[in-house]
Amino acid sequence: MSNSRFARPLYHLIDAKGQVIGRLASRISPILQGMHKPNYCPNFDCGDHVVVINAASAKFTGKKFLDKRYYWHTGYPGGIRSRTPRELINYKPEEMIRHAVLGMLPKNRLRKRRARKLHIYPQDRHLHEDELPPGSPSILG
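Presented here is an overview of the structure given in this document. Everything quoted here is computed from the prediction, not taken from an experiment.

1. Brief notes about the overall build of the protein chain
Logical step 1: Secondary structure assignment for the protein chain yields five helices and five strands.
Logical step 2: In sequence order, the protein chain lays out its α and β elements as β-α-β-α-β-β-α-α-α-β.
Logical step 3: By principal-axis analysis of the C-alpha atoms, the protein chain measures approximately 50 × 35 × 25 Å.
Logical step 4: Here the protein chain holds 141 residues, and 40% of them are scored as buried.
Logical step 5: A fraction of 65% describes how many contacts in the protein chain between residues 6 or more apart in sequence connect residues 24 or more apart.
Logical step 6: On the protein chain, roughly 8900 Å² of surface is accessible, and the fraction owed to carbon and sulfur atoms is 52%.
Logical step 7: In the protein chain, which carries 25 positive and 11 negative side-chain charges, the distance between the mean positions of the two groups comes to 9 Å.

Below, the structure is given as structure tokens:
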């Protein structure tokens with residue numbers, strides 16, 4: 001493979017304040033996969049890191065905030081559990097965006113590696129100030 005595919009991945013800052021979660025996820029997913037780069041290769045992880053801030057301020061359209069349910073299973077018999085976004089926003093607001101983005105990534109061996117490049121924070125404070133290029137504006141917002 002060429003050396004350009006092994007270039008150091010960049011960091012992109014995305015502000016989720018007031019953004020619709022599904023539309024936000026559809027813009028994050030190609031960045032994680034590297035589809036925005038000219039050297040994109042579907043069988044190689046050439047994507048960049050994405051830092052999402054203000055995840056607690058993202059919104060849903062319609063009545064999804066009240067009606068949508070996030071399901072998981074505990075592993076025990078009868079252990080199906082669920083939460084609405086209204087309950088989840090108080091517990092882990094970043095999980096709503098993570099769930100939407102992971103649903104848009106291809107279900108293959110690279111999925112876990114690409115998911116590790118997604119960094120979501122509920123407020124505007126994050127730990128990636130050093131990795132961001134100086135003076136870089138957010139992509140969305």
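2. Re the sheet that holds strand 2 (residues 49-53)
Logical step 1: One open sheet holds the three strands; their spatial order is 1-2-5, and the pairing between them is parallel. Of all strands in the sheet, those bounded by a partner on one side alone are strand 1 (11-15) and strand 5 (118-120). Ignoring strand direction, the axes of neighbouring strands in this sheet form an average angle of 20°.
Logical step 2: Bridge count between strand 2 and strand 5: three bridges; the pairing is parallel. Looking at strand 5, one finds that Val51 is bridged to His119.
Logical step 3: Along the sheet, helix 4 (residues 94-104) contacts strand 2 and strand 5; its crossing angle with strand 5, the most-contacted strand, is approximately 155°.

3. Overview of helix 4
Logical step 1: Taken together, the buried positions of helix 4 are occupied by Glu94, Met96, Ile97, Ala100 and Val101. Buried residues of helix 4, seen end-on, are gathered within an arc of 165° and therefore sit on one face of the element.
Logical step 2: On its buried face, helix 4 sits against helix 1 (21-33), strand 2, strand 3 (70-73), helix 3 (85-91) and strand 5.

4. Observations regarding the nonpolar core
Logical step 1: With 23 residues, the main nonpolar core has Ile28, Val50, Val52, Ile97 and Leu118 as its most contacted residues.
Logical step 2: Only helix 1, strand 2, helix 3, helix 4 and strand 5 provide two or more residues apiece to this core.
Logical step 3: Take this core: its biggest share by element is six residues, from helix 1.
Logical step 4: Ignoring anything within four residues of it in the chain, the contact list for Ile97 reads Ala16, Ile21, Leu24, Ile28, Val52, Ala55, Ala58 and Ile120.
Logical step 5: The next biggest cluster of nonpolar side chains, apart from the first, holds six residues, and it includes Leu13, Ile53, Tyr121 and Leu132.

5. Some points on the side chain of Asp48
Logical step 1: Summarising the element assignment, Asp48 is placed in the loop between helix 1 and strand 2.
Logical step 2: Given a relative accessible area of 0%, Asp48 falls into the buried group.
Logical step 3: When sequence neighbours within four positions are dropped, the list of residues in contact with Asp48 reads Pro9, Leu10, His12, Ile31, Leu32, His36, Lys37 and Lys117.

6. A look at the packing of helix 1 against helix 4
Logical step 1: Two elements in contact, helix 1 and helix 4, have axes separated by 8 Å at closest approach and are oriented at 55°. The angle between the axes of helix 1 and helix 4 places the two elements in the oblique class. Judged by the twist between their axes, the crossing of helix 1 over helix 4 is right-handed. Of helix 4, the residues touching helix 1 (which contributes Ile21, Gly22, Leu24, Ala25, Ser26, Ile28, Ser29, Leu32 and Gln33) are Met96, Ile97, Ala100, Val101 and Met104.
Logical step 2: Tallied by class, residues from the contact of helix 1 with helix 4 come to 10 nonpolar, four polar and no charged.

Cut-offs used in this document
Residues numbered from 1 in each chain as written. Predicted model: local features only at pLDDT ≥ 70, side-chain atom pairs only at ≥ 80, totals over all residues. Heavy atoms only, no water. Helix = DSSP H or I, 4+ residues; strand = E, 2+ residues; numbered from the N terminus. Buried < 20%, exposed > 50% of the residue type's maximum accessible area, 1.4 Å probe, protein only. Contact = heavy atoms within 4.5 Å. Areas by Shrake-Rupley, 256 points an atom, 1.4 Å probe, with all protein chains shown as cover. Lys, Arg positive; Asp, Glu negative; His and termini not counted. Charge placed at Lys NZ, Arg CZ, Asp CG, Glu CD. Pairing = 2+ DSSP bridges. Axes fitted to C-alpha atoms, helices over the stretch in contact; angles between N-to-C directions. Arc of directions from axis to C-beta. Core = buried A, V, L, I, M, F, W, Y, C linked by side-chain atoms within 4.5 Å. Parallel < 35°, antiparallel > 145°, perpendicular 65-115°, else oblique. Left-handed = near helix turned anticlockwise from the far one by under 90°. Nonpolar A, V, L, I, M, F, W, Y, C, P; charged D, E, K, R; others polar.

In short, shape yes, function no, at least from these values alone.
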